Amino acid sequence: MSFLLPSLLGTGIFSVLPFADSLRRSFFRTVSGDFCGTENYRAVFSNEAFLLAVKNTALFTAVFLPVLITLSFLTAYFISGLKFMRVIRSVLLFPLAVPTAALVLVWKLLFQPAGMVNGVLTVCGADTVSFLDSGAAFGVLVGSYIWKNLGYTVLLWLTGISGISSSLSEAAKVDGAGRLQIMRHIILPNLKPTMYTITVISFLNSFKVFREAYLVAGAYPHRSIYLMQHLFNNWFSNFELDKMSAATVAVFGVILAAVSLLQRAWDKEARA
Amino acid sequence: MKKLRQISGHGAAALLCLIICSPVLMLVNLSFQDSLELSKAFVPPTGQDLAMPDMLPLFPTLDNFGEILLESPQFYKVFWNSLGIAAAVTAGQLIIAVPAAWGFSRTKLRFRRQLFDLYVLLMLMPFQVTMLSQYIMLDKLGLMDTRAAIILPAVFSAFPVFIIYRSFCSIPEEVLESARIDGAGEWQILLRIGIPMGSAGIMAAVVLGFLDLWNMVEQPLAFIRDRKLYPLSLYLPMLDRTGGSILAASAVTLIPAAFVFVIGQDKLEAGIIASAVKE
């Protein structure tokens, strides 16, 4: 018990107790301190900025997840047979270590109206795009977050792939199965638990994309990349803590659901 | 045939690696260019629509680094401030998380499982959810706008507990049992057996923790007003000056992270796997 005490105290003070207070606050008015039932929740769910942030976050997840998962799987499968797999894996992981702030200027350079990406587009005969102040900002955000997370996800896939016994696919090969057949009947079914874990973890990570958006586009980005954290920062500086507490509880609910899915997957793995 | 496939496979993989690394290579390249050459990268030359940077510095120069490292005391302060914050958090995390992870892995406490599930839940919460809670407490303790506002909540992060717990669990119980028979106390067992045998997990927590701290944006943005206390990751985008010095500052910011990434490579990969997949 003495081992756990300091940690439990700190967690209680900085996480559990104040969260309980946020929960309580979500039913009260900040200024007067009166009980107001579900008024804050109704205010939040009819708030235009909140709905925009929810829509953008949902849209981001809907694009980011499938693209990341497919790309990282193909990459992992492709490099899993290579001799220098470990080196390649490490290089792909590097973006995770790069502080986002260090690349702000490079991103600007690449995506400014007269920048390199537009240069490539012009050479290909396409029209130039003003990336950071149009709906294309959304694409830049998805792209830069995939850049950041690709190596991480490839690493998780490779762990799953190396867990499949090679004797299984060897035996299938002896029986005359082709590459695609082995993929369909042996590799993919065996990777189901890995895929499940990767999906949930990537979903949770997609809530952390604010950093990229903020550093490239600042506190007031194009509306296509206006995220929940932008809104929270706004409410915070305007001291609208009642709205903030209701929205906190709502987001908490979504994350809680995702985490319990993840824990169920882990339990299943532990029993298998 | 098989050899040919390996060669072409490696060629394609090398290309992918190059693409992935290209933003960083571009940063390094630009940070060595002089102001004349840099202006081409940012503003199109007269009569042209596009600004294309040179792919290699025509006249490599250290002027940008000189400007930021020698002539700008501010940058120097912010850099050490960031390192100080990272060091304080890491030390605090170890002091708190190592015993806690030991407690979770080795004691038969009631509600142990439920408590651990709670830690996992907290570990996975994005800052949006924890922001208000942290603010309520920091405000009550009068810590807003101090370094402690970003250090203290990070010290009690659940993440290092989780990673270190995983490595403690793999220590066989028999080893501890024999130490107990020899009369060692529980704290002694942790210090003499637990920490050495779980060092891989502890290092993984340090490496992952440092990379995350070195990149922090949300916490200082919310809890710190005084720009003198900003860490590099937030100070950098505030620099108004364009051109050379800010590129050099970015490159210098990259160095500690790249250094930790390279020396902590194996630990980092083991830590990521341990944090996502249950063995």
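Residues numbered from 1 in each chain as written. Chains lettered and ligands numbered in written order. Predicted model: local features only at pLDDT ≥ 70, side-chain atom pairs only at ≥ 80, totals over all residues. Heavy atoms only, no water.

When you go through chain A residue by residue, the secondary structure sums to 13 helices and zero strands. If one aligns the C-alpha atoms of chain A with their principal axes, the spans along those axes are about 75 × 60 × 35 Å. Scored against the burial criterion, the 272 residues of chain A give a buried share of 53%. In chain A, the proportion of contacts linking residues at least 24 apart, taken out of those at least 6 apart, comes to 69%. Total accessible area on chain A is roughly 12300 Å²; 66% of this is exposed by carbon and sulfur atoms. Averaging the coordinates of the 21 positive side-chain charges in chain A and doing the same for the 13 negative ones gives two points 8 Å apart. (Helix = DSSP H or I, 4+ residues; strand = E, 2+ residues; numbered from the N terminus. Buried < 20%, exposed > 50% of the residue type's maximum accessible area, 1.4 Å probe, protein only. Contact = heavy atoms within 4.5 Å. Areas by Shrake-Rupley, 256 points an atom, 1.4 Å probe, with all protein chains shown as cover. Lys, Arg positive; Asp, Glu negative; His and termini not counted. Charge placed at Lys NZ, Arg CZ, Asp CG, Glu CD.)

As a further point, take the domain arrangement of chain B. All names here are of chain B. Splitting chain B by domain gives domain 1 (1-61) and domain 2 (65-276). Taking only C-alpha atoms, the centre of domain 1 and the centre of domain 2 are 33 Å apart. Carbon and sulfur atoms supply 89% of the area buried between domain 1 and domain 2, which totals about 610 Å² over both sides. Along the contact surface separating domain 1 from domain 2 lie zero salt bridges. Applying the counting rule to domain 1 against domain 2 returns zero residue pairs in polar contact (both at pLDDT 80 or more). Secondary-structure elements contributing two or more residues to the side of domain 1 that touches domain 2 are α1 (2-31) and α2 (35-42). At four residues, the largest contribution of residues to the side of domain 1 that touches domain 2 is made by α1. Its residues assigned to classes, the side of domain 1 that touches domain 2 shows six nonpolar, one polar and no charged. (Domains from an automatic or database assignment. Buried area = accessible area lost by both parts, 1.4 Å probe. Salt bridge = Lys/Arg side-chain N within 4 Å of Asp/Glu carboxyl O. Polar contact = N/O pair within 3.5 Å; in protein donor to acceptor, adjacent residues only side chain to side chain. Nonpolar A, V, L, I, M, F, W, Y, C, P; charged D, E, K, R; others polar.)

Turning our eyes to something else, we now look at the confidence of the model for chain A. Summary statistics for chain A give a mean pLDDT of 89 and a share of 99% for residues scoring 70 or more. Looking across chain A, the model is least confident in helix α8 (residues 166-174) of chain A, with a mean pLDDT of 80, and most confident in helix α3 (residues 48-80) of chain A, with 94. (pLDDT = per-residue confidence, 0-100.)

As a further point, take the side chain of N149 of chain A. Residues and elements named next belong to chain A. Relative to the elements of secondary structure, N149 occurs in helix α7 (residues 136-163). Under the relative-accessibility criterion, N149 is labelled buried at 6%. N149 has contacts with F64, L68 and N205, leaving out every residue within four places of it along the chain.

The subject of this paragraph is the interface of chain B and chain A. Taken together, the contacts link 100 residues of chain B with 90 residues of chain A. The largest share of the area that chain B buries against chain A comes from I20, Q128 and L132 of chain B, three residues that together contribute 9% of it. Summed over the shared surface of chain B and chain A, the number is three salt bridges. Notably, a salt bridge pairs R113 of chain B with D267 of chain A, separated by 3.8 Å at the nearest N-O pair. Joining chain B to chain A, the criterion identifies 16 residue pairs in polar contact (both at pLDDT 80 or more).

Let us look at the environment of K83 of chain A. Residues and elements named next belong to chain A. Assignment of secondary structure puts K83 in the loop between α3 and α4 (85-93). The exposure class of K83 is exposed, given its relative accessible area of 68%. In this structure, the C-alpha to C-alpha distance between K83 and A58, residues 25 residues apart in sequence, is 39 Å.

Attention shifts here to a nonpolar patch on the surface. Residues L5, L9 and I13 of chain A together with L141 of chain B make up a contiguous nonpolar surface patch of about 350 Å² in total accessible area. With respect to the helices, strands and loops of the structure, L9 of chain A is situated in helix α1 (residues 5-25). (Patch = residues over 30% accessible without salt bridge, like charges linked within 9 Å, V, L, I, M, F, W, Y side chains within 5 Å.)

Moving on, we come to the state of the cysteines. Summed over all chains, the structure comprises zero disulfides over all chains. As a non-bridged cysteine, C21 of chain B has C17 of chain B as the owner of its nearest cysteine sulfur, 6.4 Å distant. (Disulfide = S-S within 2.5 Å.)

A separate point is the packing of aromatic side chains. All names here are of chain A. For the coordinates displayed, the defined rule picks out 34 aromatic pairs over all chains. Arranged with centres 5.6 Å apart and planes meeting at 25°, the rings of F210 and Y214 form a pair that is stacked. Residue F210 and its partner Y214 are located together in helix α11 (residues 210-217), separated by four residues, close to a single helical turn. Note on F210: relative accessible area 3%, which makes it buried. (Phe/Tyr/Trp six-rings, centres within 6.5 Å; stacked < 30°, edge-to-face > 60°.)

Residues and elements named next belong to chain B. For helix α6 (residues 127-140), with 14 residues, the first-to-last C-alpha span of 19 Å sits near the 20 Å given by 1.5 Å per residue. Most of α6 is tucked away, with 11 of its 14 residues classed as buried. Along α6, the positions that sit buried rather than exposed are F127, Q128, V129, M131, L132, S133, Q134, Y135, I136, M137 and L138. Backbone geometry just after α6 places G142 at a positive phi near 70°. (Expected span 1.5 Å × (residues − 1).)

Model confidence for chain B is summarised by a mean pLDDT of 89, while 97% of its residues fall at 70 or above. Here α2 of chain B stands out as the least confident element of chain B, with mean pLDDT 80; helix α7 (residues 148-155) of chain B is the most confident, with 95.

What follows concerns the packing of α11 of chain A against helix α12 (residues 228-237) of chain A. All names here are of chain A. Contact pair α11 / α12: the axes reach a minimum separation of 9 Å and the direction vectors enclose 70°. Judged on the interaxial angle alone, α12 and α11 are roughly perpendicular. From α11, F210, A213 and Y214 reach across to α12, where they touch Q229, H230 and N233. Looking at the contact of α11 with α12 residue by residue, the class counts come to three nonpolar, three polar and no charged. (Axes fitted to C-alpha atoms, helices over the stretch in contact; angles between N-to-C directions. Parallel < 35°, antiparallel > 145°, perpendicular 65-115°, else oblique.)

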